[in-house]
Amino acid sequence: MSNLVTIFGGSGFVGRYIARRMAKEGWRVRVAVRNVNEAMFVRPYGAVGQVEPVFCNIRDDASVAAVTQGADAVINCVGVLDEVGKNTFDAVQAAAPARIARVASEMGVARMVHISAIGADAQSASEYARTKAMGEDGVLEYMPDAVILRPSIIFGPEDQFFNRFAGLSRLGPVLPVVGADTRFQPVYVDDVAAAAVKGVLGQAQPGIYELGGPDVHTFRELMQQMLVIVRRRKLIMNIPFWMARIMAGVFGLVRSLSLGLVKGPVTTDQVRNLVVDNVVADDAQGFAALGISPTAMEAVLPDYLWRFRPSGQYDAIKESARNLKA
């Protein structure tokens, strides 16, 4: 019988790519999710019955144990950018990874891969970054031979970064950003998945890997590249951090008063995170140590951002027609 991997958050942005790759490797894939009905799209990733979504509450020991039973490896892809209800940073990014690692260790699971993030730091002003570091510590406490991946901002067809700002570019003449000079090293989602698979297959040494694409850009430069692809001219307006903190505080108050129904464009914790560059450290091991050549943004972004162009898929045809008239 083929090996079994349990992927926590396997229907999410990164998890689905890992699930697809693990299925191609011939593994049985158990996709542990909160809502099974919304994860049914993963089943065709493999042969009939090879990829199965199952319910799991990562805040509960028994639930984690049920989906870990019989697994040869586990991968944790669960994380949150914003706290919602019981899914707090502490519960999802600190306690849950430790729980998964502890249960996996108790059940004799051979390997674990944990998706963290560049910037994970126990001393950070950002709770997101602090809990990411706590999650790593929890994993290593129980699974010291785990592979921990710290990607920079991740891009791909389902991303919440380029898609979000490309959508905002349709709303007015100005595109506001917080931390326009903060540097990022965007990494392609399938490259992260390839790294995770190497960890499961034993093709990566235990330890922490920081994953970034081939190029480093400021937030402003990323938006400029995005605007070229979607063929829109906008003024990129940098919102100073002091102003962003005030705005985030107001949005947070409104959100509290509305019982979470009204959400602002940025939170106080996200502003704290944007103060720090999101790039691979000079002394960190990364894709090179894994034998992976990272994919450039230019090779991927046009494939999914075209829909934000003024005429969508017909934009190139209209441009060609104008050139013929000229």
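Our structure is the block above this text.
Within each chain, residue numbers correspond to sequence positions counted from 1 in written order. Only residues with pLDDT of at least 70 get local features here, since the model is predicted, and only at 80 or more are side-chain atom pairs given and counted; chain-wide, interface and lining totals rely on the full set of residues. As a convention, hydrogens and water are excluded, and side-chain values are obtained from all of the structure's heavy atoms.

Digging into the packing of aromatic side chains
Here comes step 1: Planes of paired rings set the category: under 30 degrees apart is stacked, over 60 is edge-to-face and the rest tilted, where pairs are Phe, Tyr or Trp rings (Trp by its six-membered ring) whose centres lie within 6.5 Å. Scanning all chains against the criterion turns up ten aromatic pairs.
Here comes step 2: For the pair Phe161 and Phe165, a centre-to-centre distance of 5.5 Å together with 65° between the ring planes defines the contact as edge-to-face.
Here comes step 3: Per-residue accessibility, obtained with a 1.4 Å probe over protein chains only, is compared with the maximum for each type, and a residue is labelled buried under 20%, exposed over 50%, and partly exposed between these values. Overall, Phe161 belongs to the buried group, its relative accessible area being 10%.
Here comes step 4: Chaining the aromatic ring pairs together yields one cluster made of Phe161, Phe162, Phe165, Phe184 and Phe219.
Here comes step 5: Two limits define a charge over a ring: the Lys NZ or Arg CZ must be within 6 Å of the ring centre, and within 35 degrees of the ring normal. Lying over the aromatic face of Tyr17, Arg20 brings its terminal NZ or CZ to 5.3 Å of the ring centre.

A look at empty space enclosed by the protein
Here comes step 1: Lining residues are those with an atom within 4 Å of a point, where the points come from a 1 Å grid over the protein atoms alone and group into cavities, where a 1.4 Å probe fits but cannot get out, or pockets, open sets with protein on both sides within 12 Å along at least five of seven lines. Grid points are joined across faces, edges and corners, and a volume is the space filled by probe spheres set on the points. Taken as a whole and judged by the stated rule, the model has one cavity of 30 Å³ or more.
Here comes step 2: The calculated volume of the largest cavity comes to roughly 40 Å³.
Here comes step 3: Along its surface, the largest cavity is lined by Phe155, Pro186, Gly213, Pro214, Asp215, Thr295, Ala296 and Met297.
Here comes step 4: Ten residue types, Ala, Val, Leu, Ile, Met, Phe, Trp, Tyr, Cys and Pro, are classed as nonpolar, four, Asp, Glu, Lys and Arg, as charged, and the remainder, Gly among them, as polar. Looking at side-chain class alone, the lining of the largest cavity contains five nonpolar, two polar and one charged residues.

Description of the packing of helix α3 (residues 89–106) against helix α4 (residues 127–142)
Here comes step 1: Geometry is summarised by axes, namely lines fitted to C-alpha atoms with helices restricted to the contacting stretch, and by angles between N-to-C directions that run from 0 to 180 degrees. Working definition: helices are DSSP H or I runs of at least four residues, strands are E runs of at least two. Numbering for both runs from the N terminus. Put simply, α3 and α4 touch, their axes get as near as 8 Å, and they point 10° apart. It follows from the interaxial angle that α3 and α4 lie roughly parallel. Judged by residue contacts, Phe89, Asp90, Gln93, Ala94, Pro97, Ala98, Ala101, Arg102 and Ser105 of α3 engage Glu127, Tyr128, Thr131, Lys132, Met134, Gly135, Gly138, Val139 and Tyr142 from α4.
Here comes step 2: A class-by-class count of the residues in the contact of α3 with α4 yields nine nonpolar, five polar and four charged. Angle categories are assigned with fixed cut-offs, so that under 35 degrees is roughly parallel, over 145 is roughly antiparallel, 65 to 115 is roughly perpendicular, and the rest are oblique. Residues count as neighbours in contact if any of their non-hydrogen atoms are within 4.5 Å of one another.

A few points about unusual backbone geometry
Here comes step 1: Here Arg231, not a glycine, exhibits a phi torsion of approximately 60°, which is positive.
Here comes step 2: In this fold, Arg231 is placed in the loop between α7 (219–230) and β13 (235–239).

Considering helix α2 (residues 61–68)
Here comes step 1: All of the buried residues along α2 are Ser63, Val64, Ala65, Val67 and Thr68.
Here comes step 2: Looking at the packing, one finds that the buried side of α2 touches β1 (4–8), β2 (28–33), β3 (51–55), β4 (73–76) and α3.
Here comes step 3: The opening residue of α2, the one whose side-chain oxygen lies 3.2 Å from the backbone nitrogen of Ala62, is Asp60.
Here comes step 4: Where α2 terminates, the next one or two residues include Gly70, which has phi positive at roughly 85°. Polar contacts, as used here, are pairs of N or O atoms within 3.5 Å; protein pairs need one atom able to donate a hydrogen and one able to accept it. Residues neighboring in sequence count only if both atoms are side-chain atoms.

Observations concerning the sheet that holds β4
Here comes step 1: Following DSSP output, two strands are said to pair if at least two bridges run between them. A sheet is described by the order of its strands in space; here seven strands give the open sequence β3-β2-β1-β4-β5-β6-β11, paired in parallel fashion. In this open sheet, the two strands that pair with only one neighbour each are β3 and β11 (207–211). Between one strand axis and the next, the sheet turns through 20° on average, direction left out of account.
Here comes step 2: Two strands pair when backbone bridges link them, and strand β6 (residues 147–151) and β11 are joined in this way by five bridges, in the parallel orientation. If you follow Leu149 over to β11, its bridge partner there is Tyr209.
Here comes step 3: On the sheet, helix α6 (residues 189–201) packs against β4, β5 (111–115), β6 and β11 and is oriented at approximately 160° with respect to β5.

Read these as spatial facts, not as claims about activity.
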